[in-house]
Amino acid sequence: MVTNQAYLFLIFIITGIIIGLLFDFFRIYRKIVKTSDFVTYLQDMMFWILSGMIVLYAVFIFNNGELRLFMFLGILLGTIIYMIFISTYIIKINVKIINMIIKFLKIIIIPFNFIYGIIHKIIFKPITFLFINVNKSFNNFLKKAQKIKNIVKN
């Protein structure tokens, strides 16, 4: 019985660490992307819903839906351990990785922008020029035809 409870306590410490990791994903996203207060509110709601689902899943899978005080103490201890010892490293590493990915993507996008600019100048500008002038010529033709039609009627 005691070993089973120790096992459950360890499971809920791990659950607390998972919840801390989930919280850090939201924190990392907020460091990368500036969000409005409303979006932050929605993200907080999503965090609490996901956290509740994780806790309920762990309770039902590992303890057949029975709630015990030591489970919540395990979650609290796991979250505290994560926040004190792991969180700062996870945030720093992930922010650096994401910023490196963004810089890499910007470097990759530069040649595509250059190629797009060349294609735009060579193909799209002449086609646009052609359509604009054909449209103007057609409108001028219609105006002249209308004038001739009015002269013929009179």
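What you are looking at is a predicted structure, and each value in this text was computed from that prediction instead of being measured.

J.: What is the right way to read the packing of aromatic side chains from this model?
T.: To describe a pair of aromatic rings, one takes the distance between the centres and the angle between the planes. Summed over all chains, the structure comprises three aromatic pairs. Look at Phe47 and Trp48: their rings are 5.1 Å apart centre to centre, the planes differ by 70°, and that puts the pair in the edge-to-face class. Here Trp48 falls in the exposed class, since its relative accessible area comes to 61%. Ring pairs connect the aromatic residues Phe23, Phe26, Phe47 and Trp48, which therefore count as one cluster.

J.: So what exactly am I meant to see when it comes to the packing of helix α1 (residues 2-32) against helix α2 (residues 37-63) here?
T.: Between two packed helices, both the angle of their axes relative to each other and the distance between the axes serve to describe the pair. The geometry of α1 relative to α2 is characterised by a closest axis approach of 10 Å and an angle of 165° between their N-to-C directions. Considering the angle they form, α1 stands roughly antiparallel to α2. Our pair here, α1 against α2, has a crossing hand that is right-handed. For the contact of α1 with α2, the class distribution of residues is 18 nonpolar, five polar and two charged.

J.: Is there a simple way to think about helix α3 (residues 69-153) in this case?
T.: Owing to its 3.6 residues per turn, the α-helix brings residues three or four apart onto one side. For α3, which comprises 85 residues, the first-to-last C-alpha distance of 98 Å sits more than 12% below the rise-based estimate of 126 Å (1.5 Å per residue). Of all the bends in α3, the greatest, near 60°, is centred on Ile86. The complete set of buried residues in α3 reads Phe70, Met71, Gly74, Ile75, Gly78, Tyr82, Ser87, Ile91 and Val95. Against the buried residues of α3 lie α1 and α2.

Calculation notes
- Residues numbered from 1 in each chain as written.
- Predicted model: local features only at pLDDT ≥ 70, side-chain atom pairs only at ≥ 80, totals over all residues.
- Heavy atoms only, no water.
- Phe/Tyr/Trp six-rings, centres within 6.5 Å; stacked < 30°, edge-to-face > 60°.
- Buried < 20%, exposed > 50% of the residue type's maximum accessible area, 1.4 Å probe, protein only.
- Axes fitted to C-alpha atoms, helices over the stretch in contact; angles between N-to-C directions.
- Helix = DSSP H or I, 4+ residues; strand = E, 2+ residues; numbered from the N terminus.
- Parallel < 35°, antiparallel > 145°, perpendicular 65-115°, else oblique.
- Left-handed = near helix turned anticlockwise from the far one by under 90°.
- Nonpolar A, V, L, I, M, F, W, Y, C, P; charged D, E, K, R; others polar.
- Expected span 1.5 Å × (residues − 1).
- Bend = angle between axes of the 7 residues up to and from the residue.
- Contact = heavy atoms within 4.5 Å.

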